[in-house]
Amino acid sequence: MHPAGEKLLGFYSTEEQPSGPGGQDGMWRNEKYETLPLDVKGTDEDNSKGTKDLLYPQAALRKAQQGNERPKDPKLWPYFQDGLRRIDYVLTYHVQKPQSTRKQSAKSFLFCKFRHEQSSPPAHEDPELAAQKQRLDYHEDDQRLRREEFEENLREMGLEMEREEGNKIPGVGFLKIHAPWEVLCREAEFMKLKMPTFKKYKVSQGSSIVEKVNMFMQKVTATLQPKVGENRTENEKHLSYPFSREKQHLFDLSDRNSFFDSKTRSSIVYEILKRTKCTRAKYNMGISSLLGSGVYTEAYPLHDGDIDGINAEANDRKILCEEWASYSIFYKYQPIGLIRKYFGEKVGLYFAWLGVYTQMLIPAAIVGVIVFLYGCVTVEDNIPSMEVCDERNNITMCPMCDRACSYWKLVTACGTARASHLFDNAATVFFAIFMALWATMFMEHWKRRQMRLNYIWDLTSFEDAEGKQKSQPRAEYEFHVMKKSLKKEKSPMEENVKLTCRDRMPAYMTIIIMMFFLIFLTLAIVFGVVLYRVSIMTALHMSSTPTFRTNIRATVKTTAAIINLIIIIIMDEVYGAIARWLTIMEVPKTDKSFEERLIFKTFILKFANAFTPIVYLALFRGRLIGRPGKYIYVMGSYRMEECAHAGCLMELCIQLCITMLGKQLIQNNLFEIGVPKLKKMLRQRKIDKKHQEELNKTLHRHEKDHFLGPFVGLNPEYMEMIIQFGMVTLFVASFPLAPLFALLNNIIEIRLDAKKFVTELRRPIAVRAKDIGIWYTLLRGISKVAVIVNAFVISFTSDFIPRLVYQYMYSPDGTLHGFVNHTLSYFNVSHFQPGTEPMESMHLGYKVEVCRYKDYRDPPWSDTPYEFSRQFWAILAARLAFIIVFQNVVMLMSDFVDWLIPDIPKDISIQIHKERNLIVELFMKQEQGKKYRNTIGDPSPQPLRSRPSSQA
């Protein structure tokens, strides 16, 4: 029998009775409200209207059974033990002690006058252990009483609950929550949820030509569409309107069980949980504070059902697993409509954006491959690389380092020169312009796609209710406000108490100092890798082993890039944790403010971490090195490294390739596959392996979801793609294959994320959103910066401008013949500083008197030896002019494309206007119907559609 107090409070316990002798070996049931007599709450609630079914479960069951509802199997579906009431949300908590001990400690907690007598330990027990046990009992009872108060407040909000404690998973108690029909209607009206009415209208596709084109494209892409009902194009659409209990006759309520789908029900319950407070502590505690303090351990909605097994019935999760979370259908479109229906608009928008981004990478990858192939085809006809590889030129180059390095022949750089042409050719400039326009096209295409989804998902009139969010501050913010009000000896409920900039000033100063320190740390790490390259190159030149002395430059480049990759992966995790810590210290008021500030800090740190080594290679390496005889040194004896003869573009390409592939393969894919599986294994270690398989067969839905990983949000997914977007656009002039690698990664990434969301993670709370938020602003910023960065890469990192200047100003025949000799200056080896000349001056077999180095300086026999020549200033002026022209032309073209393409498709704009007119027309007809009924003497107007009496 259930305790009377437990019945009154609307809790339905499903714990097993003790089966062993004395109940010691069996499961225990918590006598939750045994200390509360019935007359505490009174009996007036029994006669209150509309609450009888909520207070007494048997009445609700009889009412549901009268509606001819077929009970569901709780093992296969997320339902209460009766199989009729759906589990909309689950809270878990620790269960550590048997009933007898907990009941005794509860009485000692409630009745303080007996506490001292009960706390005295027996003579044979260690007093220290007894005191520690007493403190644990007190803590457990305090948490239990907070749960009781919170759950009582939930019951007053109309929710129904069922409890399970320690049935199959030891130490874990489950509180299953169900929202009845009346609660769903009330909250839907409060949240202004737009629900479909019974009114339908025809969706026009625009002009007849557009309609024919759409029909043709549907036939062509029919094999690429997933086999789900949501992807079928419908010619009719339900007219949607914010739900209202007074206007229920406008909605099709023929099936109340499916009117509010599972993700809507869970989001409604979550809103109730956020509003409900526990006041037993010194300050109000919401669900976030209760989770943070350990009163509850987990809070999550449930998946619809199983995805595998013989008994798995058809459900949305199973369909998503088969038609979305499978690598074998990588070529198909995503079922965006079903994703939104199951996970909510915010998750649906992320995967829609990822799909648009991946589709737009296809033309970029094709053009990038064509540019790369153009470099491969023209490498044999490239005059500068042919001159480098021509042994007849017999050009002797100056040493690459002091003492250990010797003179070398330019012909030994033949392979590097030929490889650089693959990425440094005339097509590179065209590709940089193309990618700038591509970024603009991508942004415009996404805005139109987003607007179309807003129309389909009835979000055109949805706005992020900022005022509503301000009325629901975060639990941490309320805690700090409470502490501030207590210090001022004011009432905790005083409305004018809030955190000001002065209160946050220590946090702001800490954030500024930490951000500058972390960016400086990133620069220091890059400088450390530079010192590694300089020292390892010197060490390899001094090595007596012939194997080490071959391909020194390639070895140094590759190992340095791998070291950079490892550092980036490690520091990414460190920076993410620090950014969260700094944001928590800042104490933002709302969840939206917290998320935006966290994203901003994380983006700055991770962006700097990923791109600082690349920026150094692209814009700074080889610029501040000095010249032979007067090199620039750092930290005493370390000479600044210089680029190869063919420039730093090849090294930049290697760094981009290793960083991009490494981050995608290791950090993104491997971590996303391995880490969730490892965490799942750790969570299942508490259960015996022998009984694991048998237990999986008997676990209910809420118990299976307990072993899944918690959903941590979409920020890591977005951040991963934003960094990739930067790799694709910022330095695409040096690595035209970046879009191809990004495309291949995203094809895998979509299915990997899908599998993770469907099978590895708990179901997230469905969050309404009409756009991707701050991420769009970051994308716009990166696309604008990419134009400037590519202009600098083409001007200063590649030899594009020097080739043009030589060809049209200095070449005797208008070709590139003689270009290599034109880029090399002369140095008299007798002008070396003491102690810097090569130790093996006869390495080439003859005495060297003059060596060459890449720079534009006057020869030693001129009036101004080793000063910058006129060619240097002419090329510098051309480089700066190219940056200005390139930036303004590309920006102007991008703005023109932005202006040319409307943000809202014309047919969607027409349909939105049509919906507004239909809403007005629908209400006018309702008003006319009321007037007509009044004129014929009918005082009680009948609804257009009958409302069923079955309980949801």
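Basis of the calculations
Along each chain, the written sequence defines residue order, and numbers are assigned to residues from 1. In keeping with the predicted nature of the model, local features appear solely for residues at pLDDT of at least 70, side-chain atom pairs appear and are counted solely at 80 or more, and the whole-chain, interface and lining totals rest on all residues. Hydrogens and water molecules were not included; the side-chain quantities draw on all heavy atoms of the structure. UniProt positions are given in the numbering used here, feature names are shortened, and annotations may be inferred rather than shown by experiment. Working definition: helices are DSSP H or I runs of at least four residues, strands are E runs of at least two. Numbering for both runs from the N terminus. Burial classification: accessible surface area is computed with a 1.4 Å probe over protein chains only, and a residue below 20% of its type maximum counts as buried, one above 50% as exposed, and the rest as partly exposed. Residue contacts follow a heavy-atom distance rule, with two residues in contact if any of their heavy atoms lie within 4.5 Å. Take the buried residues of types Ala, Val, Leu, Ile, Met, Phe, Trp, Tyr and Cys, join any two whose side-chain atoms come within 4.5 Å, and each joined set is a nonpolar core. Distance thresholds for patches are 9 Å for like charges and 5 Å for nonpolar side chains (Val, Leu, Ile, Met, Phe, Trp, Tyr), applied to residues having over 30% relative accessible area and no salt bridge. Here, Shrake-Rupley sampling with a 1.4 Å probe gives the accessible areas, and only protein chains in the shown set may cover a residue. In what follows, salt bridge is the name for a side-chain nitrogen of Lys or Arg lying within 4 Å of a carboxyl oxygen of Asp or Glu. By convention in this document, the label disulfide applies to cysteine sulfur atom pairs within 2.5 Å. Aromatic rings from Phe, Tyr and Trp, taking only the six-membered ring of Trp, are treated as a pair when their centres fall within 6.5 Å; an angle between ring planes under 30 degrees marks them as stacked, one over 60 as edge-to-face, and anything in between as tilted. Both a distance and an angle decide whether a charge sits over a ring: NZ of Lys or CZ of Arg must be within 6 Å of the ring centre and within 35 degrees of the ring normal. Expected helix span is taken as 1.5 Å per residue step, with the number of steps being one fewer than the number of residues. Axis definition: a line fitted to C-alpha atoms, over the contacting stretch in the case of helices. Angles run 0 to 180 degrees between N-to-C directions. Each angle is binned into one of four classes, with values under 35 degrees roughly parallel, values over 145 roughly antiparallel, values of 65 to 115 roughly perpendicular, and all other values oblique. Residues are grouped as follows: nonpolar covers Ala, Val, Leu, Ile, Met, Phe, Trp, Tyr, Cys and Pro; charged covers Asp, Glu, Lys and Arg; every other residue, Gly included, is treated as polar. When DSSP locates at least two bridges between a pair of strands, those strands are taken to pair. Side-chain atoms alone can form a polar contact between residues adjacent in sequence; in general such a contact is a pair of N or O atoms within 3.5 Å, and within protein one must be able to donate a hydrogen while the other accepts it.

The name given to the protein in an unreviewed UniProt entry is Anoctamin, and the organism recorded there is Carassius auratus. As recorded by UniProt, the Sequence similarities (unreviewed entry) comment attached to the protein reads in full: "Belongs to the anoctamin family."

Asker: In this structure, what is going on with the overall build of the protein? I would like to understand it.
Answerer: From N to C terminus, the protein includes 34 helices and 15 strands. Burial status across the protein gives 51% buried among its 952 residues. Counted over contacts in the protein with a minimum sequence separation of 6, partners at least 24 positions apart contribute 79%.

Asker: For this particular structure, what's the right way to read helix α31 (residues 800-810)?
Answerer: It helps to recall that an α-helix has 3.6 residues per turn; residues three or four apart then point in one direction. For α31, the set of buried residues is F800, I801, P802, R803, V805 and Y806. Those residues of α31 that are buried lie in contact with α16 (383-389), α18 (426-456), α30 (774-797), α32 (819-823) and α33 (870-900).

Asker: Would you mind showing me how to read the nonpolar core here?
Answerer: W353, Y357, W438 and F731 are the most contacted members of the largest nonpolar core, which has 117 residues in total. Broken down by element, this core gets its largest block of residues, 16 residues, from helix α15 (residues 345-378). Not counting residues within four places of it along the chain, the set of residues in contact with Y357 comprises W438, F442, M721, Q724, F725, V728, A742 and N746. Ranked by size, the runner-up nonpolar core spans 45 residues in total, among them M161, V183, F260 and M451.

Asker: For this particular structure, what's the right way to read a nonpolar patch on the surface?
Answerer: A surface patch of nonpolar side chains, about 500 Å² in accessible area, is lined by I209, V213, F216, M217 and V220. Within the element layout of this structure, V220 appears in helix α9 (residues 208-220).

Asker: Can you walk me through the state of the cysteines in this structure?
Answerer: By definition, a disulfide links two cysteine residues through a covalent bond between their sulfur atoms. According to the stated counting rule, one finds three disulfides in the structure shown. One disulfide bridge connects C398 with C851, the sulfur atoms lying 1.9 Å from each other. Disulfide C398-C851: the torsion about the S-S bond is 85°, which places it as right-handed. On the criterion of sequence distance, the pair formed by C398 in the loop between β8 (396-397) and β9 (408-409) and C851 in strand β15 (residues 850-854) is long-range, its members being 453 residues apart. C851 matches C398 in its accessibility class, with the two residues each being buried. The partner cysteine of C401 in its disulfide is C405, sulfur to sulfur 1.6 Å. Looking along the S-S bond of the C401-C405 disulfide, the torsion reads about 95°, which is the right-handed sense. In this pair, the class of C401 matches that of C405, namely buried.

Asker: Honestly, the UniProt feature "transmembrane region" (unreviewed entry) in the protein in this entry has me stumped. Any pointers?
Answerer: According to UniProt, the positions carrying the feature "transmembrane region" (unreviewed entry) are residues 350-374, 426-443, 508-534, 554-578, 598-619 and 721-744. The annotated region residues 721-744 carries 67% helix and 0% strand content, and the separation between its end C-alpha atoms amounts to 13 Å.

Asker: Quick question: what am I supposed to make of the environment of F259 here?
Answerer: Structurally, F259 is set in helix α10 (residues 256-259). Taking the relative accessible area as the measure of exposure, F259 reaches 11% and is therefore buried. Residues F259 and P196, 63 residues apart in the sequence, show an inter-C-alpha distance of 8.9 Å. With residues near it in sequence (within four places) discarded, F259 still touches W181, M195, P196, F243, F251, D252 and L253.

Asker: Hey, could you run me through the pattern of salt bridges in this one?
Answerer: Side chains that differ in charge, positive against negative, can pair when their charged atoms come close. Taken as a whole and assessed by the stated rule, the structure comprises 43 salt bridges. In this structure, D306 engages K704 in a salt bridge whose closest nitrogen and oxygen atoms are separated by 3.0 Å. Taken together, the residues span a long stretch of sequence, with D306 in the loop between β7 (298-300) and α13 (316-323) and K704 in helix α27 (residues 701-706) at a distance of 398 residues. Two residues, R857 and D855, come together in a salt bridge whose shortest N-O distance is 2.9 Å. Exposure class is identical for R857 and D855. Each is buried.

Asker: Sorry, what's going on with the packing of aromatic side chains here?
Answerer: Aromatic rings in a pair are described by how distant their centres are and how their planes are angled relative to each other. The final tally for this structure, using the stated rule, is 47 aromatic pairs. Consider the rings of Y350 and F351, whose centres lie 4.9 Å apart with planes at 70°: the pair is edge-to-face. Relative accessible area serves as the criterion here: at 0%, Y350 is assigned to the buried category. When the centroid spacing of 5.1 Å and the interplanar angle of 35° are considered together, the rings of F603 and F607 count as tilted. Of this pair, F603 and F607 both sit in helix α24 (residues 591-620), four residues apart, which is roughly one turn of that helix. In this structure F607 comes out as partly exposed when scored by relative accessible area, which is 23%. The cationic tip of K237 hangs over the ring face of Y455; the distance from NZ or CZ to the ring centre is 5.1 Å.

Asker: Help me out: how do you make sense of α33 in this one?
Answerer: In this model, α33 (31 residues) spans 45 Å end to end at C-alpha, consistent with the 45 Å of a helix rising 1.5 Å per residue. Within α33 the residues assigned to the buried category are F872, I875, R879, F882, I883, F886, V890, M891, S894, V897 and D898. The secondary structure elements touched by the buried residues of α33 are α18, α30 and α31.

Asker: Explanation requested: the packing of helix α28 (residues 715-729) against helix α29 (residues 738-760) in the structure shown.
Answerer: If you want to describe how two helices pack, look at the angle between their axes and the distance between the axes. The interhelical angle for the contact between α28 and α29, taken along N-to-C directions, is 170°, at an axis separation of 10 Å. Taken together, α28 and α29 sit at an angle that is classed as roughly antiparallel. Contact with α28, carried on its side by E717, E720, M721, Q724, M727 and V728, involves A738, P739, A742, N745, N746, E749, D753 and K756 of α29 and no other residues of that element. Along the lines of polarity and charge, the residues of the contact of α28 with α29 split into six nonpolar, three polar and five charged.

Asker: What am I meant to see in the pairing of strand β3 (residues 160-165) here?
Answerer: Among the six residues that make up β3, six are buried, leaving the element largely enclosed by the rest of the structure. Residues E160, E162 and E164 of β3 are buried on one face, and the alternating residues M161, R163 and E165, pointing to the opposite face, are buried as well. Across six bridges, β3 lies against strand β4 (residues 172-178) in antiparallel orientation. Among the inter-strand pairings, E162 is bridged to a residue of β4, identified as K176.

Asker: Looking at this model, I keep getting lost on the side chain of R701. Mind explaining?
Answerer: Relative to the helices and strands, R701 resides in helix α27. Of note is the side chain of R701, whose polar atom sits 3.3 Å from the backbone oxygen of G305. Separated by 2.6 Å, the side chains of R701 and D306 make a polar contact.

Asker: Looking at this structure, I do not really get the side chain of K176. What am I missing?
Answerer: Structurally, K176 can be placed in strand β4. Taking the relative accessible area as the measure of exposure, K176 reaches 0% and is therefore buried. Looking at K176, its side chain comes within polar contact range of the side chain of E162, at 2.7 Å.

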